[in-house]
Amino acid sequence: MRVCVFCGSRPGNDPEMATLTRELAHALVARGHGVVFGGGSVGLMGVLADEVLAAGGEVIGVMPKHMVDREVAHAGTQLHIVDTMHTRKALMYDLSDAVIALPGGYGTLDELFEVLTWNQLGLHAKPAGLLDHDGYFAPLVAFLDGAVGAGFIRPEHRALLMQDSDADALLDALESWKPTTTSKWITAEDR
């Protein structure tokens, strides 16, 4: 199995974010899972790739041409250089069997929500999860739960995104995940 990991190209202010990233790297390698990621050698992306490679794991990076120099592409990975951000996200998803988001910013959230949307629309069916540290994702989870309460997300679609603060527990959940069969499309009862 390959797991696509979305994460920050910055390290963040809390050194524990790098620790969380290392824990995930070791959990993935221990289970024999390969990693697909954004291809950078900086921030949490760099920590992830360095740690997986040091442990003998497979790492595939995907990065658009315009970012190769700016983000300092990771030289030790199987690097795919693509034309656009859209192509990057599609290839990362196509190369993986599951998705995990670590702490990050706009790019991490963009990638995660595109995957969730594809799953919700039935375009793909791959499990997705948040690996949280110290409540980093708590406001996001609260927002999603509020969107369910407000009637904008069905509970079955909210369940498309799992979360945990323990890498092994999250991987267990991703490995046992079953896709939802609830349609996104509005029915007569919804009108």
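Worth saying up front: this structure is predicted, and the values here are computed from it rather than measured.

Participant: Could you clarify how one ought to interpret unusual backbone geometry in this entry?
Facilitator: Trans is the prevailing form of peptide bonds, just as negative phi is the prevailing case for residues other than glycine. Even without being a glycine, Asp-134 presents a positive backbone phi close to 55°. Topologically, Asp-134 is positioned in the loop between strand 6 (128-131) and helix 6 (138-149).

Participant: Help me out: how do you make sense of the packing of helix 1 (residues 16-30) against helix 8 (residues 167-176) in this one?
Facilitator: For any two helices packed against each other, the geometry comes down to the angle between their axes and how far apart the axes lie. Between helix 1 and helix 8, the least distance of the axes is 9 Å, while the angle of their chain directions is 50°. Put simply, helix 1 runs oblique to helix 8. Both helix 1 and helix 8 take part in a crossing whose hand is right-handed. Along its contact with helix 1, which presents Glu-23, Leu-24, Ala-27 and Leu-28, the element helix 8 presents Ala-167, Asp-168 and Leu-171. By residue class, the composition of the contact of helix 1 with helix 8 is five nonpolar, no polar and two charged.

Participant: What should I look at first to understand the packing of aromatic side chains in this one?
Facilitator: Aromatic ring pairs: the centre-centre distance and the angle between the two ring planes describe each pair. On inspection of all chains with the given rule, the structure shows two aromatic pairs. Each ring, one from Tyr-93 and one from Trp-118, has its centre 5.2 Å from the other, and the planes form 65°; the classification is edge-to-face. One end of the pair, Tyr-93, is in helix 4 (residues 85-94); the other, Trp-118, is in helix 5 (residues 106-120), and 25 residues separate them in sequence. You can call Tyr-93 buried: its relative accessible area is 1%. Note on Trp-118: relative accessible area 15%, which makes it buried. When the ring of Tyr-136 is compared with that of Phe-137, the centres are 5.0 Å apart and the planes differ by 85°; the resulting orientation is edge-to-face. Judged by its relative accessible area of 38%, Tyr-136 is partly exposed. Across the ring face of Tyr-93, the terminal group of Lys-126 is positioned such that the distance to the ring centre comes to 4.4 Å.

Participant: Explain the environment of Thr-21 here, please?
Facilitator: Structurally, Thr-21 can be placed in helix 1. Separated by 152 residues in the primary sequence, Thr-21 and Ala-173 have C-alpha atoms spaced 18 Å apart. With residues up to four places along the chain from it excluded, the contact list for Thr-21 reads Leu-44, Val-47, Leu-48 and Leu-102.

Participant: What am I meant to see in the sheet that holds strand 2 (residues 34-37) here?
Facilitator: The seven strands lie next to each other as 4-3-2-1-5-6-7, forming an open sheet whose pairing is parallel. With partners counted over all chains shown, the strands left at the sheet margins are strand 4 (78-82) and strand 7 (161-164), one partner each. Averaged over all adjacent pairs, the angle separating strand axes in this sheet is 25°, with direction ignored. Lying on the sheet, helix 1 is in contact with strand 1 (2-6), strand 2, strand 5 (98-101) and strand 6; it crosses strand 1 at an angle near 170°.

Participant: Just checking my understanding: could you explain the packing of helix 4 against helix 5 for this structure?
Facilitator: Packing of helix 4 against helix 5 brings their axes to within 11 Å, and their N-to-C directions diverge by 65°. In the packing of helix 4 onto helix 5, the handedness of the crossing is right-handed. Of the residues in helix 5, those in contact with Arg-88, Lys-89, Ala-90 and Tyr-93 of helix 4 are Asp-110, Glu-111, Glu-114, Val-115, Trp-118 and Asn-119. The residue makeup of the contact of helix 4 with helix 5, split by class, is four nonpolar, one polar and five charged.

Participant: What am I meant to see in the nonpolar core here?
Facilitator: Nonpolar side chains in soluble globular proteins tend to end up buried together. Core analysis: the biggest nonpolar cluster contains 52 residues, and Val-5, Leu-24, Ile-100, Leu-112, Leu-130 and Leu-131 have the highest contact counts within it. Element by element, the count of residues in this core is highest for helix 1, at seven residues. Apart from the residues lying within four places of it in its own chain, the contact partners of Ile-100 are Val-3, Cys-4, Val-5, Phe-6, Leu-24, Gly-129, Leu-131, Leu-170, Leu-171 and Leu-174.

Participant: Would you take a moment to explain the environment of Thr-87 for this structure?
Facilitator: Along the polypeptide, Thr-87 turns up in helix 4. With a relative accessible area of 37%, Thr-87 lands in the partly exposed category. For the pair Thr-87 and Val-62, spaced 25 residues apart in sequence, the C-alpha to C-alpha distance is 9.2 Å.

Reading the values: rules and limits
Here the residue index of a chain counts from 1 through its sequence in written order. Predicted model: local features are reported for residues with pLDDT of at least 70 only, side-chain atom pairs are reported and counted for 80 or more only, and whole-chain, interface and lining totals are derived from all residues. Excluded from the side-chain calculations are hydrogens and water; all other atoms, namely the structure's heavy atoms, are used. Strands are runs of DSSP state E lasting at least 2 residues, helices are runs of H or I lasting at least 4, and numbering of each runs from the N terminus. Axes here refer to lines fitted to C-alpha atoms; in helices the fit is confined to the stretch in contact. Angles between the N-to-C directions go from 0 to 180 degrees. Should an angle fall under 35 degrees it is taken as roughly parallel, and over 145 as roughly antiparallel, whereas 65 to 115 is taken as roughly perpendicular and any remaining angle as oblique. When the near helix sits turned anticlockwise from the far one by under a right angle, the crossing is termed left-handed; a clockwise turn instead gives a right-handed crossing. Should any heavy atoms of two residues lie within 4.5 Å, those residues are counted as being in contact. Charged means Asp, Glu, Lys or Arg here, nonpolar means Ala, Val, Leu, Ile, Met, Phe, Trp, Tyr, Cys or Pro, and polar covers whatever is left, Gly included. By convention, a stacked pair of Phe, Tyr or Trp rings (six-membered ring in the case of Trp) has centres within 6.5 Å and planes under 30 degrees apart, an edge-to-face pair has planes over 60 apart, and any other such pair is tilted. Working definition: with a 1.4 Å probe on protein chains only, accessible area under 20% of the residue-type maximum means buried, over 50% means exposed, and in between means partly exposed. In this analysis the charged atom, NZ for Lys or CZ for Arg, is taken to sit over a ring once it is within 6 Å of the ring centre and within 35 degrees of the ring normal. In this description, strands pair whenever DSSP reports at least two bridges between them. What is meant by a nonpolar core is a set of buried Ala, Val, Leu, Ile, Met, Phe, Trp, Tyr and Cys residues, joined one to another through side-chain atoms within 4.5 Å.

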